[in-house]
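So you can see what is in the structure, the chains are spelled out below.
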There are 2 protein chains.
Amino acid sequence: VARTAVRSLERALRGDVERTPSALARVARDGSHLVGAPIARVAPRDVADVVALVRWARRNRTPLVARGAGTSLDGESVPRAGSVVVDLSGWNRIREIRPDERWARVEPGVVNRKLQAALERRGWFFPPNPGSWETSTIGGHVGTNASGPRSFRYGPTRDWVRGLDVVLGTGARVRLGSRAPKRSLGPDLLGLLVGSEGTLGLVTEVTVRLAPRPAVRRGLLVPLPPRIALGRLASRLASIRGSGLSALEYLDAECARAVAEDRATGWPVGPALLLLEVEADDAGHAARRVARLTRTLAALGVRGAVREYDDANRLWSQRGESGRVLDERYGERIREDVAVPLPEVDGLLAAIARMAARERVSVPLFGHLGEGSLHPNFVVDPTSRKATRLRAALYAEALRRHGTISGEHGIGAIKAPYVARELGPAAVGLLRAVKAACDPDGILNPGKLYPPPPRAGPRSARSPSAAAGARARRA
Amino acid sequence: VARTAVRSLERALRGDVERTPSALARVARDGSHLVGAPIARVAPRDVADVVALVRWARRNRTPLVARGAGTSLDGESVPRAGSVVVDLSGWNRIREIRPDERWARVEPGVVNRKLQAALERRGWFFPPNPGSWETSTIGGHVGTNASGPRSFRYGPTRDWVRGLDVVLGTGARVRLGSRAPKRSLGPDLLGLLVGSEGTLGLVTEVTVRLAPRPAVRRGLLVPLPPRIALGRLASRLASIRGSGLSALEYLDAECARAVAEDRATGWPVGPALLLLEVEADDAGHAARRVARLTRTLAALGVRGAVREYDDANRLWSQRGESGRVLDERYGERIREDVAVPLPEVDGLLAAIARMAARERVSVPLFGHLGEGSLHPNFVVDPTSRKATRLRAALYAEALRRHGTISGEHGIGAIKAPYVARELGPAAVGLLRAVKAACDPDGILNPGKLYPPPPRAGPRSARSPSAAAGARARRA
C-alpha cells in the first residue's frame with residue numbers, strides 16, 4: 001500500500017493513526033508465537049470513524065485487523081503483512097447497566113475484570129470467564145466465542161451476547177439482536193458474528209446478558225487417585241441432580257505440582273487435582289450440596305476435598321497462577337486446546353501422552369474436564385517441525401474421537417488449514433458464502449479462520465488465505 | 001407443474017407420494033387460518049429420498065414445504081399453491097439417548113411429549129416446552145426456534161440443539177454442530193438453521209441437549225391485585241438470588257376466569273393470575289425457596305400463593321386447557337405473539353387494551369411474563385380488515401417499545417411483510433444472502449419468513465414472496 005494511501009487514511013479519520021516502529025511493534029503480536037507486519041495502527045474515535053475506515057480499506061484493498069488486548073492464542077489478532085490494526089482497546093467504557101432487563105451495554109475494549117467488578121457490586125455477573133479474564137476484552141470474547149471454567153454450567157460467550165453493533169465489511173452498519181428477552185425471528189445472525197474472529201465485521205458495541213450472582217460460591221480442591229477414569233467421573237458428577245456444580249476443572253499431576261511448589265497455596269504436592277465450584281443459596285444449602293457431591297465422589301473412589309474455599313474466587317486466583325508458573329518453569333510451548341465427548345477423554349489423554357513420549361517432550365496439561373476440553377501444553381519450540389507434527393497429530397486424534405480442534409481458543413491463522421477436516425465441504429461452503437456476503441472484498445482479517453482456498457494466490461486480497469500465519473516471522 | 005413431473009417424482013423416491021384430495025387436505029393447513037394448495041404429499045423413506053426430492057424440486061422448480069405436526073400459528077407450514085409437502089411426521093423414532101454425554105438423537109417427527117417421557121424416566125429432560133408440546137414435533141421446534149414457559153430459565157430451542165443433519169436447498173447434505181461439549185470454530189452455522197422455518201434446508205435428524213431433571217418442581221398459583229405494575233413485578237422476581245424460578249407466567253382476568261369456570265380447577269374466579277414454577281433439590285429446599293419468593297411478592301403488595309402444587313406439571317396441565325377453553329368460548333381469533341423489554345410490558349398491555357376497545361373486540365391475554373412475551377388473543381375474524389389493522393397496530397407498538405413482532409411463534413406467511421421493519425435493510429440483506437447460499441433456486445418454503453422482495457412477481461419460484469399467505473383461502 002502506497003504511503004499516499006496511508007495519508008488519505010489520516011485525512012479520512014478523526015482518530016489517531018500511528019506508524020512509528022514502536023507503535024507497530026505493540027500491535028504486531030498476540031499470545032501466539034506469530035508476529036505480523038502492520039503498516040499502521042489506528043484508534044477510531046467513534047462509529048463514523050469505523051465506517052470511514054472500512055470504506056477506505058475497500059477502496060485501497062487494505063486488510064483491517066481488529067484488536068482488543070491481544071491475548072488470542074492462535075494468531076487471531078496478528079496482522080498479516082500490509083494490514084491496518086484497528087485498536088479498540090481504548091473503547092473501554094461500560095455504557096449502561098440495566099439489571100431490570102438483565103443486560104449491560106459495553107464498548108468492545110472493556111476488560112472482563114472491570115465489567116465483573118461493576119456487576120458483582122450490584123449482585124449480578126457475566127458468566128464467561130476465560131483464563132485471560134483479568135486482561136482480555138469483551139470484544140475479544142465475542143471474536144473468539146471465549147469460554148472458561150464456568151461455561152460448564154453457563155455456556156460460552158455466544159449464549160451471553162444479547163446484542164451487537166457492527167460495521168460489516170461492506171461498510172453497512174447493523175444492529176443485531178433485540179431488547180426483547182425472547183425472539184423467534186428467523187436465522188440467528190448474532191450467532192454468526194460471535195466467533196467470527198473479526199472476519200465479518202468490526203464490533204463497536206456489545207450488549208451482554210447478566211446472571212444473578214449466586215449468594216454462595218464454594219470452591220473445592222479434590223486430589224485424584226492415580227489411573228481414575230476421568231471421563232466417567234465427569235459424566236457422573238455432571239449428572240447429579242441439585243449439585244449446583246458450576247465448574248469442573250482438571251490439573252494433571254505435573255501442572256498441579258508446578259503450582260503447588262511455586263508458592264504457599266497449601267495444595268498437596270503429588271496427585272492430579274479436580275477443582276470444583278458449587279453455587280448455592282446460602283451456607284447451609286452449600287454444605288448439603290457439597291455433601292451430595294462428596295458422596296458421589298466417594299462412590300467413585302475419590303476421597304473428597306482436602307480443602308474447601310468459602311469463596312471460590314480464591315481458588316480461581318491460585319489456579320490462575322498456572323499460566324505464569326508454566327511460563328517460568330517450561331518457557332516456550334504450544335498451548336493447545338481441543339475438546340472431545342466425555343467418554344473419549346481418557347483415550348485422548350493416553351494418546352496425548354504417547355505423542356509427547358514419541359517426540360520426547362513434556363506435556364503439562366489442564367482442562368475444563370466437565371466439557372471434555374483439554375489444554376495440553378507441549379513444551380516445544382512453536383516454530384519447529386516437531387510442533388507442527390504434534391499439532392497435526394493432536395487434531396487428528398481429537399477429530400477421530402468425534403471432537404473439535406478448538407474447544408475455546410478459536411482458529412486464527414494456526415488452525416485455519418485444519419478447519420475443513422472438521423467441518424466438511426458443505427459447511428465450509430456455507431461459511432464462505434457468509435464471509436462473501438459480509439466482506440465481499442476480503443478486507444477483514446484475511447488469513448484467519450477460513451481454510452485456505454484450493455487455488456488462491458497468496459497476494460489476492462479477495463481470497464483470505466492462511467498464508468499470513470506461515471509468513472509471519474518468529475519473535 | 002405438469003402431471004408428468006409428479007410422475008417423475010414417484011419414480012425418484014422410495015417413499016410414498018400421495019395426491020388424493022383427502023391426503024392433500026390433511027397437509028394444507030396449520031394452526032393459522034391460512035389454507036394452501038399443495039400438489040402432492042410425500043413421505044420420504046430415508047435421507048437418500050430427501051436428497052432425491054430436493055434434486056427433483058430444483059429440476060422442476062417446485063416448492064417443498066417441510067411439515068411435522070402442523071401446529072405452527074403463522075402459516076409456517078402452509079404450502080403455497082403448487083408445492084409438494086414433505087411430511088416428516090412419520091420420522092418419529094428416538095434414535096439414541098446418551099445421558100453420559102447429555103444429548104439425545106431424534107428424528108424430526110418425534111413429538112415433544114414422547115421425548116420428555118423417555119427422558120424423565122431416566123432423570124433428564126429437554127427444557128423447551130411450547131404450549132403445543134403434547135402434539136408438536138422437535139423438527140417443528142427447530143424450524144420456529146420454539147420456546148415456552150421454561151425458556152424463562154432455560155432459553156429457547158436454539159440453546160438446546162447440539163447437532164443437526166440437514167439437506168440444504170442445494171441438495172448438499174451437511175451435519176452441523178459437534179459432539180464435543182464445547183467448541184469455538186467460527187460463525188454458528190447451526191444457529192442459522194434453527195428458526196429458519198424450513199427455508200434453508202430439510203432437517204433429517206436433531207441432536208438435542210439434555211438437562212438433569214430437578215428433583216422437585218413446585219407450582220404456585222398467585223392471584224394478583226388489580227392495577228399492579230407487571231413489568232416491575234417480573235423484574236423483581238427475576239432478580240432474586242436463589243429463587244429457583246423456572247417459569248413466570250401470566251393469565252389476565254379474562255383468561256383466568258375462562259379456565260376457572262370451565263372445570264373444577266379450584267382456581268379463584270376474578271383476579272388475574274401468576275403461575276410460577278420453582279425448581280429445588282428437595283422438599284425442604286423448595287419450601288425455603290418458596291418462602292423467599294413469597295417475601296418478595298409481599299413486599300410488592302402481592303399476597304402469595306392461594307395454591308401450591310407439589311408437581312408443577314399438574315399446574316401446567318390445567319393451564320394447558322386455556323387454548324381449548326378460549327376456542328370454545330370465543331371461537332375464531334388471532335393468536336398473537338409479541339415480546340417487549342420488561343419495563344415496557346405495562347405500556348404495551350395498556351396499548352393492547354386501547355386497540356381492542358377501538359375495534360370493539362375482546363382480547364383475552366396470557367403470556368410468558370418473565371420474558372416480556374405476550375399473547376393477546378384478539379377475538380376477530382382473522383381474514384377481516386379489522387384483523388389486519390389490529391396486527392399492524394400491535395407490531396408497530398411492540399417495535400416502538402424496542403420489542404419484537406415474534407416472541408416465539410415465528411414469522412411464516414403472516415408476519416413476513418413486517419420483518420424488514422424490525423431488522424432493517426442491512427440485516428435483511430444478510431438474511432437474503434444466507435438464503436441464496438442455502439437455497440439458490442428458492443424452492444424451500446417460498447413466501448415464508450423473508451420480507452417480500454420489492455419488485456418480485458407473485459409467480460416467480462425464485463422469489464419467495466408473502467403472496468402465498470394473501471392467496472390462501474379461508475377454511
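Everything below is about the structure shown above.
Values in this document were obtained by computation on a predicted structure and should not be read as measured data.

Undergrad: Can you explain the overall build of chain A? Please cite residues and give values.
TA: A count of helices and strands for chain A gives 16 helices and 21 strands. Computed over its C-alpha atoms, the radius of gyration of chain A comes to 22 Å, within 12% of the 23 Å expected for a compact globule of 475 residues. A burial count over chain A gives 63% of its 475 residues as buried. For chain A, the share of sequence-separated contacts (at least 6 apart) that also reach a separation of at least 24 residues comes to 70%. Here chain A has roughly 16900 Å² of accessible surface; of this, 48% comes from carbon and sulfur atoms. Of the side-chain charges in chain A, 75 are positive and 48 negative, and the distance between the mean point of each set is 4 Å.

Undergrad: Before we move on, can you summarise the relation of the copies chain B and chain A with the specific residues and values?
TA: Least-squares fitting of chain B to chain A yields an RMSD of 0.0 Å, with the superposition described by an axial translation of 0.0 Å and a rotation of 180°. Expressed as an axis order, the relation between the two copies is that of a two-fold axis.

Undergrad: Now, about the interface of chain B and chain A: what can you tell me, with residues and values included?
TA: Between chain B and chain A, the contact holds 84 residues from the first and 83 residues from the second. Roughly 6200 Å² of surface becomes buried between chain B and chain A when both sides are summed, with 59% attributable to carbon and sulfur atoms. The interface formed by chain B and chain A includes twelve salt bridges. A salt bridge links Glu371(A) to Lys182(B); the shortest N-O distance between them is 3.1 Å.

Undergrad: I'd like to hear about the environment of Pro223(A), residue by residue, with values.
TA: Residues and elements named next belong to chain A. Within the secondary structure layout, Pro223 lies in strand E13 (residues 216-223). Residue classification places Pro223 among the buried positions, given a relative accessible area of 18%. Put simply, Pro223 and Gly304 are 81 residues apart on the chain and 7.4 Å apart in space, counted from C-alpha to C-alpha. Beyond its immediate stretch of four places on either side in the chain, Pro223 contacts Pro271, Ala272, Leu273, Val302, Gly304 and Val306.

Undergrad: Can you break down the environment of Ala69(A) residue by residue, with the values?
TA: Residues and elements named next belong to chain A. With respect to the helices and strands, Ala69 occurs in the loop between strand E4 (64-67) and strand E5 (84-87). Each C-alpha atom of the pair Ala69 and Val35 lies 15 Å from the other, and the pair is 34 residues apart in sequence. Look past the residues within four positions of Ala69 in its chain and what remains in contact with it is Thr135, Ser136 and Thr137.

Undergrad: Describe the sheet that holds strand E5 (residues 94-98) of chain B, listing the residues and the values that go with them.
TA: Residues and elements named next belong to chain B. Pairing within the open sheet is antiparallel, and its five strands lie in the order E5-E6-E10-E8-E9. Looking along the sheet, the strands with just one partner apiece sit at the ends: E5 and strand E9 (173-177). Each neighbouring strand pair of the sheet contributes to a mean axis angle of 15°, computed without reference to strand direction. Packed on one face of the sheet, helix H3 (residues 47-60) meets strand E8 (161-168), E9 and strand E10 (201-209) and runs near 50° to E8.

Undergrad: Break down the packing of aromatic side chains for me, citing the residues and quoting the values.
TA: Residues and elements named next belong to chain A. Tallying each qualifying case throughout the model produces six aromatic pairs over all chains. An angle of 65° between the planes, with centres 5.9 Å apart, marks the rings of Tyr154 and Trp160 as edge-to-face. Judged by relative accessible area, Tyr154 falls into the buried class, the value being 12%. Overall, the relative accessible area of 6% leaves Trp160 in the buried class. With a centroid separation of 4.8 Å and 75° between ring planes, the pair formed by Tyr395 and Tyr418 is classed as edge-to-face.

Quick notes on the rules
Residues numbered from 1 in each chain as written. Chains lettered and ligands numbered in written order. Predicted model: local features only at pLDDT ≥ 70, side-chain atom pairs only at ≥ 80, totals over all residues. Heavy atoms only, no water. Helix = DSSP H or I, 4+ residues; strand = E, 2+ residues; numbered from the N terminus. Rg over C-alpha atoms; globule rule 2.2 N^0.38 Å. Buried < 20%, exposed > 50% of the residue type's maximum accessible area, 1.4 Å probe, protein only. Contact = heavy atoms within 4.5 Å. Areas by Shrake-Rupley, 256 points an atom, 1.4 Å probe, with all protein chains shown as cover. Lys, Arg positive; Asp, Glu negative; His and termini not counted. Charge placed at Lys NZ, Arg CZ, Asp CG, Glu CD. Least-squares fit on C-alpha atoms with pLDDT ≥ 70 in both. Buried area = accessible area lost by both parts, 1.4 Å probe. Salt bridge = Lys/Arg side-chain N within 4 Å of Asp/Glu carboxyl O. Pairing = 2+ DSSP bridges. Axes fitted to C-alpha atoms, helices over the stretch in contact; angles between N-to-C directions. Phe/Tyr/Trp six-rings, centres within 6.5 Å; stacked < 30°, edge-to-face > 60°.

Limitation: the analysis is restricted to geometry and does not speak to function.
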